[in-house]
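Each chain, letter by letter, is given below.
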Amino acid sequence: MFPYPSGAGLHVGHPLGYIASDVYARYKRLCGFNVLHPMGYDSFGLPAEQYAIQTGQHPAVTTKTNIEGGTDKDGNVIPGYRNQLDKIGFSFDWDREVRTSEPNYYKWTQWIFKQIFNSWYNNESDKAEKIDTLIEKFKTEGNTTVKAATDFEDSFSAADWNSWSEEEQQAMLLNYRLAYLSDTWVNWCPALGTVLANDEIKNGVSERGGHPVEQKLMRQWSMRITAYAERLLKDLDTVDWTDSIKEIQKNWIGKSQGAAVFFDVDGFEDKIEVFTTRPDTIYGVSFMVLAPEHELVSKITTADQKDKIEAYQKAAAAKSERDRMSDVKTISGEFTGAYAIHPFSGEKVPVWIGDYVLATYGTGAVMSVPCGDQRDWDFANHFKIDIPNIFKDVDISEGAYAEKDAVITNSDFLNDLKVKKATKLAIYEIEQKGFGKGKTQYKLRNAVFSRQRYWGEPFPVYYKGDTPYVLDNNDVVELPEVDKYLPTEDGDPPLARANKDAWNVDCPGDRMEFNTMPGWAGSSWYFLRYMDPTNENEFVAKDKVNYWQNVDLYIGGAEHATGHLLYSRFWTKFLYDLDYIPFEEPFKKMINQGMIQGNSALVYRIGLGVLSTNKNNQIDLKSLPNLFISKDLKKRLENEDLEANILVDKKIREINSRIKEANPNVNGEVTTTSRKYIPFRHSDINFLEGDILDIEKFKNWRTEYNNSEFLTEENGDFIVGREIDKMSKSKYNVQTPDDLVEKYGADTLRCYEMFLGPLEQHKPWDVQGITGVHGFLKKLWRLFHNDEALDISDAEPTKEELKSLHKTIKKIKEDIERYSFNTPVSTFMICVNELTSLKCNKRAILSDLCIILSPFAPHIAEELWNKLGNTESITYAVFPEHNEEYLTEANHKYPVSFNGKMRFMLELPKAMGKADIEATVMANEQTAKYLDGKTPKKVIVVPNKIVNFVI
RNA sequence: GCUCGAGUGGUGGAAUUGGUAGACACGCAAGACUUAAAAUCUUGUGUCCAUUAGGACGUGCGGGUUCAAGUCCCGCCUCGAGUACCA
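Residues numbered from 1 in each chain as written. Chains lettered and ligands numbered in written order. Predicted model: local features only at pLDDT ≥ 70, side-chain atom pairs only at ≥ 80, totals over all residues. Heavy atoms only, no water.

## Points about the overall build of chain A
Link 1 in the chain: Per the secondary structure count, chain A includes 32 helices and 37 strands.
Link 2 in the chain: In terms of its C-alpha atoms, chain A occupies a principal-axis envelope of roughly 100 × 95 × 70 Å.
Link 3 in the chain: Scored against the burial criterion, the 951 residues of chain A give a buried share of 52%.
Link 4 in the chain: Intrachain contacts of chain A at a sequence separation of at least 6 include 69% that bridge at least 24 residues.
Link 5 in the chain: Counting only carbon and sulfur atoms, one obtains 47% of the accessible surface of chain A, whose full area is about 45400 Å².
Link 6 in the chain: Where the 114 positive side-chain charges of chain A centre and where its 142 negative ones centre are 5 Å apart. (Helix = DSSP H or I, 4+ residues; strand = E, 2+ residues; numbered from the N terminus. Buried < 20%, exposed > 50% of the residue type's maximum accessible area, 1.4 Å probe, protein only. Contact = heavy atoms within 4.5 Å. Areas by Shrake-Rupley, 256 points an atom, 1.4 Å probe, with all protein chains shown as cover. Lys, Arg positive; Asp, Glu negative; His and termini not counted. Charge placed at Lys NZ, Arg CZ, Asp CG, Glu CD.)

## Considerations on the protein's contact with RNA strand B
Link 1 in the chain: Near RNA strand B you find 49 residues, and of these Thr-277, Arg-375, Lys-443, Leu-756 and Lys-811 are the closest.
Link 2 in the chain: A share of 62% is what sugar and phosphate atoms reach among the atoms of RNA strand B within 4 Å of the protein.
Link 3 in the chain: With respect to RNA strand B, the side chain of Ser-256 contributes an N or O atom lying 2.9 Å from a phosphate oxygen.
Link 4 in the chain: In the environment of RNA strand B, a phosphate oxygen lies 3.0 Å from a nitrogen or oxygen atom belonging to the side chain of Gln-761.
Link 5 in the chain: Counting residues per element, the ones that place at least two in the surface near RNA strand B are α10 (243-253), β11 (271-276), α25 (770-784), α26 (799-817), α27 (823-837), β35 (901-909), β36 (938-942) and β37 (946-950). (Near = heavy atom within 4 Å. Polar contact = N/O pair within 3.5 Å; in protein donor to acceptor, adjacent residues only side chain to side chain.)

## Notes on the pattern of salt bridges
Link 1 in the chain: Tallying each qualifying case throughout the model produces 43 salt bridges.
Link 2 in the chain: Residue Lys-28 is joined to Glu-817 by a salt bridge in which the shortest nitrogen-to-oxygen separation is 3.9 Å. Of this pair, Lys-28 sits in helix α1 (residues 15-30) while Glu-817 is found in helix α26, placing the two residues 789 residues apart along the sequence.
Link 3 in the chain: For Glu-817, a relative accessible area of 36% corresponds to the partly exposed category.
Link 4 in the chain: Residue Arg-96 pairs with Asp-93 through a salt bridge whose shortest N-O separation is 3.1 Å.
Link 5 in the chain: What you see here is one network of salt bridges that share partners, running through Arg-231, Asp-235, Arg-569, Lys-573, Asp-577, Glu-584 and Glu-585. (Salt bridge = Lys/Arg side-chain N within 4 Å of Asp/Glu carboxyl O.)

## Remarks on helix α3 (residues 59-68)
Link 1 in the chain: Buried within α3 we find Pro-59, Thr-62, Thr-63, Thr-65, Asn-66 and Ile-67.
Link 2 in the chain: Next to the buried residues of α3 lie α2 (46-55), β1 (70-71), β2 (77-78) and α4 (81-88).
Link 3 in the chain: Where α3 terminates, the next one or two residues include Gly-69, which has phi positive at roughly 90 degrees.

## With respect to the pairing of strand β21 (residues 551-556)
Link 1 in the chain: For β21, the buried fraction is high: five of the six residues fall into the buried class.
Link 2 in the chain: As defined by bridge partners, β21 adjoins strand β22 (residues 587-592) across five bridges and the pair is classed as parallel. Opposite Leu-553, over in β22, you have Lys-589 as the bridge partner.
Link 3 in the chain: In the classification by handedness, the crossover that spans β21, the intervening helix α19 (residues 564-577) and the parallel β22 is right-handed. (Pairing = 2+ DSSP bridges. Right-handed = clockwise from strand over helix to strand, strands pointing away.)

## A short note on the environment of Glu-884
Link 1 in the chain: For Glu-884, the location among the structural elements is in helix α30 (residues 884-887).
Link 2 in the chain: Residues Glu-884 and Lys-807, spaced 77 residues apart in sequence, show a C-alpha to C-alpha distance of 8.5 Å.
Link 3 in the chain: A polar contact is formed between the side chain of Glu-884 and the side chain of His-882, at a distance of 2.8 Å.

## Quick notes on unusual backbone geometry
The phi angle of most residues is negative, glycine excepted, and most peptide bonds adopt the trans form.
Link 1 in the chain: Phi at Asp-579 is positive, roughly 70 degrees, even though this residue is not glycine.
Link 2 in the chain: Tracing the chain through its elements places Asp-579 in the loop between α19 and β22.
Link 3 in the chain: Judged by its relative accessible area of 52%, Asp-579 falls in the exposed class.
Link 4 in the chain: One non-glycine residue with positive phi stands out, namely Asn-899, at about 50 degrees.
Link 5 in the chain: Asn-899 gets classed as partly exposed once you look at its relative accessible area, which sits at 48%.

## Some details on the packing of aromatic side chains
Link 1 in the chain: Under the definition given, this model contains 65 aromatic pairs.
Link 2 in the chain: Measuring from centroid to centroid gives 5.6 Å for Phe-335 and Trp-352, while their planes differ by 40 degrees, and the two rings are tilted. Here Trp-352 lies in strand β14 (residues 348-353) and Phe-335 lies in strand β13 (residues 334-341), a separation of 17 residues in the sequence. Trp-352 shares its class with Phe-335; the two are buried.
Link 3 in the chain: Centre to centre, the rings of Phe-898 and Phe-949 are 4.9 Å apart; their planes meet at 5 degrees, and the pair counts as stacked. Taken together, the residues span a long stretch of sequence, with Phe-898 in strand β34 (residues 891-898) and Phe-949 in strand β37 at a distance of 51 residues.
Link 4 in the chain: One aromatic cluster is present, formed by Phe-113, Phe-117, Trp-221, Phe-449, Phe-459, Trp-520, Tyr-567 and Trp-571 through successive ring pairs.
Link 5 in the chain: When the ring centre of Tyr-180 is taken as reference, the NZ or CZ atom of Arg-224 above it lies at 4.0 Å.
Link 6 in the chain: Lying across the ring of Tyr-339, Lys-348 places its NZ or CZ 5.1 Å from the centre. (Phe/Tyr/Trp six-rings, centres within 6.5 Å; stacked < 30°, edge-to-face > 60°. Lys NZ or Arg CZ within 6 Å of the ring centre and 35° of its normal.)

## Some words on the sheet that holds strand β20 (residues 511-512)
Link 1 in the chain: An order of β19-β18-β20 is seen for the three strands of this open sheet, with the pairing classed as antiparallel. Each end of this open sheet is capped by a strand with a single partner; those strands are β19 (467-470) and β20.
Link 2 in the chain: Relative to β19, strand β18 (residues 461-464) is paired through four bridges, and the arrangement is antiparallel. Pairing of Lys-464 across the sheet is with Thr-467, part of β19.

Shown next, in the form of structure tokens:
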């Protein structure tokens, strides 16, 4: 549990997952487990900073208020997350609370950053190692024997390395460090004034705020997550997560296997490297396409094509990511005039540029096989390029054939082979002849790790010239005070505003790092800190992390699939590699709770206008009241109902005469501007009793509604329309847990949120049903009481009472263990209904009932537990075991079916054998009736299940 | 477009392994108590036909497997989520 503490506070959707995990935690405690059930806050982030820019208030102040309660600058009361949570009765261990924005927490986020900075990824041992081991290798062997995760492709010798200056060596190391500074194409969001990671962009705009994003080459910190691509993919098999989240991560990592192939360029020394997943189709290549940004483009372009190519490059650069995405259908490109040499056939193939080839994926160049790839086919078709067919008996006149079941032809040594074999052979030949090699490519990009913002972790980094160094002590670098939370005039991030003495550390270099870390830094490892939240010497003590291990049950939203969940897996693997923690995956079992949707109320309005021939002294439009109409009346109007129309006309005449009375000299007539166009207003959930609007409250809500007119139903009720929406302040459909706790109690809220439906499912909030759960708790109370007084019997429970209790114990245990939190509430209701009709007030029964109910309704369970004479809290009780003896029955009620249709029930002894059952049922008079004299073709008897006759 | 998930009464949902579809609630209707309201309790409530007895239909649509399908298989429709020229 790790919410972002926003100023809006909690609505009923937020606690859903917390309630479920609290039920689980309390249940496991009753079963004798030591349960770590913590809560903390992911308290760095954009909203607090945006608010700070607007109001000048320090984000630390507003964040504290959001958590602990208080008032904002305008005097509005902020309830505070903690206060709201406390009302619901969670069994969180508050001693373990962490906040990412507290120096004693981000000290360790900075520490982890330093470890990542001081590490490289050894592809040979397939794990991260300390950078010292790499430096040692460079000193003695250069980089030729090193197999490391890096984008650096040239080689250098030990002599080279040793001859380099400190600055040059550090620059080289950045190519290998797992946290590194480099000039990369980043997603720049001008509106937010910062770069964003790929997962922070949805549909081409920023996830927060929906601002446009552009590509920009900037010197930024990145995390070499791509080094872990294969492990992040492979280890998905070891965790118990939903298929959909695993699928999203798989797609995001985007592994594809194929070959890297080099094509010579006619007349140049340079080669074009391409990546292909279909090396088997290499004889189908009839042209090549480079991304417009490809480095070779300007070099190989012939003089007569130069103008066209440059114009195209310019146009492509001007296109935003979004334009490019929305414009997938248009085919565009330009011929460079240059030719590449096909490695096998030696034929000349034209080299084009086109923006369908992305500079950021693979090598930024493709070998185009128009017969096998639809994009290549479209391109070839558009520019009238040759489309050679290399598939036997396949028609490619209408489009490419991308299926992998064809037989290859016209392909020399690959002829008559199927795709799989041809691919293998092609890679073999490519490697043999030195044209390239087999290669695995990932979509996953290295993650940009710096943000040009104030409210985030400062880097423990300083610069000497342009060379970054990490501070070599463990002191926290605290966020310095600044005069404004905005970039400087020179475009530097807000931290550049901090004076040298505003920093709590002495900068050993020229300056400190001005960027801050992204939101996912602190949230990538918080679960580890929960194990040891106050440790001043380590991020987590080894014995603690060895004891608690990884998270058993993680309940959170599915929206973190490509962000938080990927990054924390990455950091966990890194910390595992360096032997700081004993596990490779942070979260064993994950449940993604569904969204609780708002149920917006709509108040329909008829537009009013003024009809007048004279513009002088006309009725003031602003004096017209709002005319609202009830839902059913609106329906009738839409159906051209005459009576409804008369009602509206009458109302308008009333309004008209009232205005004229008040001001006799005005001219014009009030009229409806449109009877069909009926706009609406979302109505505040607090003004409603069911679907009935409290008209007086609504009128007083806003001054512009004070003189509103309402057309109600015949019984005087004003009915609102309904629409299912996201719960949000702007839609006036927010239900706070506080109101419900006030009205019904925390136990009712807890049980009701669970009762609403399966945890994973999205479901609309409907407060009406809450009375059912509330009634159940009252009924439970009455089991223990006669009128006001406690009335408990110490008599021996009956068989029936024991059966009711024990089947409930069994079901509750089973349900909780399969994470079904809605069905136990029904089960409790059934049990209480049964015990009520049995008039059971036996201590032996009710005592156990209290215990099994306590995870769901801890307050009432504790109170009744105490009333039963227990002095210790119910928290320390033991979850009872069910006794199978009480559940076994002598008889089973058989449904007897004829041709699969159930006709009647017949109760027979459980022990009765197949043959006896058949004989008994055959002898039954009802059977005779349904057989109607016929002999059944077949009789199916499944003991203790069913009997079915086939006639 | 591709990938994944989901479609059950008026509503939220239950049916865990193919074995009585609609548990438990809400809502609605009728009744009891009450001057009245609230609270509480009782009864009914998938649709259609039938006075009753009973019958037919019924888990998005069309087909299939099976003695038996909400559940398994094939094809389609709708909604939701992710992704977006990934070579």
